[in-house]
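Per-entry structural report
For reference, the chains in residue letters:
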Amino acid sequence: MLRCGSYTLDLSRPLVMGIVNLTPDSFSGDGLADDVERAVDQAYQQIAAGADILDLGAESSRPGAIPATVDEELRRLLPVLEALADCGVPLSIDTYKPEVMRASLARGASMINDIYALRMPGAAAALADSDCAVCLMHMQGDPLTMQQQPSYGDVVAEVRSFLRERADAAIASGIQAERLVLDPGFCFGKTLAHNLELLCNCARLSPDGMPILAGISRKSMLGMLTGQPVEQRLAASLSAAVLAVQRGVGILRVHDVAETVAALAVWQAVEACSAGAAHLR
Ligand code: 7PJ
């Protein structure tokens, strides 16, 4: 179970987090900056397709991206957040800025998805008195430079110990363990070999069985494996999604919600069958 604002999420089946991208410079070509109506439409389509959570992001974190100011991020985010206040699924905000966290929580956000894992001054304090869920992601470096020369001794051990340290720090600042989600941060300061190593060993990344979130959808690692451009990475994304779930990931952050839900339905049916579920006999 994950505490997520007024929601309690049951992680006994994998959950799908739909990406609602409010940036003008998205790598995946789905940015909806300044078009509140289209963003809200897309969000409702994702909910209808079975999204369990929506992740609203108003600053691009693609490699080389220039950071947005707090004002700019809030200007893109708040109208959409307000329009989705009663949408019926928890809203996650992809931000690392304490000011954006506070403003979002005040308007009903249920989760904060932080690519800096609360390393910005004031971030943990902004969340301690709330009941939101918090995703702590691993990143080596920052988005401007992270893909220049990623380097690790043992990538799985290092990501695991980083996530443990950040989870301990969050707990020490008053964020309860049952609100935490951990994320290896695919493609955030990682080569293809690092990403594969992490995907392969997902289940080992989480101390104390905390839920793991994976964002692999349409990412460059899939382009490297298939030679396909970003707009053709659906099949590779679905394959990665199923493999991640098979290896212990509890929440998938994806662009293509309907397709991911369908892929997971097949995975779940086979799982249930191998677990001997009576209704499938
Ligand atoms: C991730 C994210 C991810 C989490 C982005 C993209 C790039 N947050 N935000 N995990 N990626 N938690 O959507 O491909 O992998 S932005």
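What counts, and at which threshold
Residues numbered from 1 in each chain as written. Predicted model: local features only at pLDDT ≥ 70, side-chain atom pairs only at ≥ 80, totals over all residues. Heavy atoms only, no water. Helix = DSSP H or I, 4+ residues; strand = E, 2+ residues; numbered from the N terminus. Rg over C-alpha atoms; globule rule 2.2 N^0.38 Å. Buried < 20%, exposed > 50% of the residue type's maximum accessible area, 1.4 Å probe, protein only. Contact = heavy atoms within 4.5 Å. Areas by Shrake-Rupley, 256 points an atom, 1.4 Å probe, with all protein chains shown as cover. Lys, Arg positive; Asp, Glu negative; His and termini not counted. Charge placed at Lys NZ, Arg CZ, Asp CG, Glu CD. Core = buried A, V, L, I, M, F, W, Y, C linked by side-chain atoms within 4.5 Å. Pairing = 2+ DSSP bridges. Right-handed = clockwise from strand over helix to strand, strands pointing away. Salt bridge = Lys/Arg side-chain N within 4 Å of Asp/Glu carboxyl O. Polar contact = N/O pair within 3.5 Å; in protein donor to acceptor, adjacent residues only side chain to side chain.

Things to note about the overall build of the chain
- When you go through the chain residue by residue, the secondary structure sums to 9 helices and 10 strands.
- Taken over C-alpha atoms, the radius of gyration comes to 18 Å for the chain, in line with the 19 Å a tight globule of 281 residues would show.
- Seen through its C-alpha atoms, the chain measures out along the principal axes to roughly 55 × 45 × 40 Å.
- Buried residues in the chain amount to 55% of all 281 residues.
- Taking as baseline every contact in the chain between residues at least 6 positions apart, the subset at least 24 positions apart corresponds to 68%.
- Summed over all atoms, the accessible surface of the chain reaches about 11800 Å², with 53% contributed by carbon and sulfur.
- Across the chain, the 22 positively charged side chains and the 33 negatively charged ones have centroids separated by 4 Å.

Structural notes on the nonpolar core
- Counting 71 residues, the largest nonpolar core has Leu54, Leu56, Leu84, Leu118, Leu127, Leu136 and Ile216 as its most contacted members.
- Among the elements that make up this core, the one with the highest residue count is helix H5 (residues 155–172) (7 residues).
- If sequence neighbours within four positions are ignored, Leu84 has contacts with Val40, Ala43, Tyr44, Leu54, Leu56 and Leu91.
- Residues Cys4, Leu15, Ile53 and Val181 belong to the second largest nonpolar core, which totals 12 residues.

Quick look at the pairing of strand E7 (residues 133–137)
- The buried fraction of E7 is high, at 5 of 5 residues.
- What you see with E7 is no split at all: Ala133, Cys135 and Met137 on one side and Val134 and Leu136 on the other are buried throughout.
- Two elements, strand E6 (residues 111–114) and E7, share 4 bridges in a ladder whose sense is parallel. From the neighbouring strand, Met111 faces E7, where its bridge partner is Ala133.
- Pairing geometry for E7 and strand E8 (residues 180–183), over 4 bridges, is parallel. Pairing of Leu136 across the sheet is with Leu182, part of E8.
- Crossover connection from E7 via H5 to parallel E8: handedness right-handed.

Points about unusual backbone geometry
- Residues other than glycine seldom take positive phi values, yet Cys187 does so here, at roughly 70°.
- Within the element layout of this structure, Cys187 appears in the loop between E8 and helix H6 (192–200).
- The exposure class assigned to Cys187 is buried, which follows from its relative accessible area of 8%.
- Of note in the backbone geometry, Arg218 takes a positive phi value of approximately 65° without being a glycine.
- Within the element layout of this structure, Arg218 appears in the loop between strand E9 (213–214) and helix H7 (220–226).

Regarding the sheet that holds E8
- Reading across from one edge, E8-E7-E6-E5-E4-E3-E10-E9 is the order of the 8 strands in this open sheet, with parallel pairing throughout. At either end of the open sheet lies a strand with only one pairing partner, and these are E8 and E9.
- Taken together, the 3 bridges between strand E5 (residues 91–94) and E6 define a ladder with parallel strand orientation. Its bridge partner lying in E6, Asp94 is registered against Asn113.

Examining the pairing of E5
- Here E5 shows no split at all, with Leu91 and Ile93 on one side and Ser92 and Asp94 on the other all buried.
- In this sheet, E5 lies alongside strand E4 (residues 53–57) in parallel orientation, the contact comprising 4 bridges. The residue of E5 that forms the bridge with Asp55 is Ser92.
- Regarding topology, helix H3 (residues 98–106) serves as the crossover connection from E5 to the parallel E6, and that connection is right-handed.

Notes on the side chain of Asp114
- Its place among the elements puts Asp114 in strand E6.
- Despite being buried, Asp114 has no salt bridge partner; Arg166 is the closest side chain of opposite charge, sitting 7.3 Å away.
- A polar contact is formed between the side chain of Asp114 and the backbone nitrogen of Tyr116, at a distance of 2.7 Å.
- Polar contacts involving the side chain of Asp114 include one to the main-chain amide nitrogen of Leu118, which spans 2.7 Å.
- Ignoring any residue separated from it by four or fewer positions in sequence, one finds Asp114 in contact with Thr95, Tyr96, Met101, Arg119, Ala123, Cys135, Leu136 and Met137.

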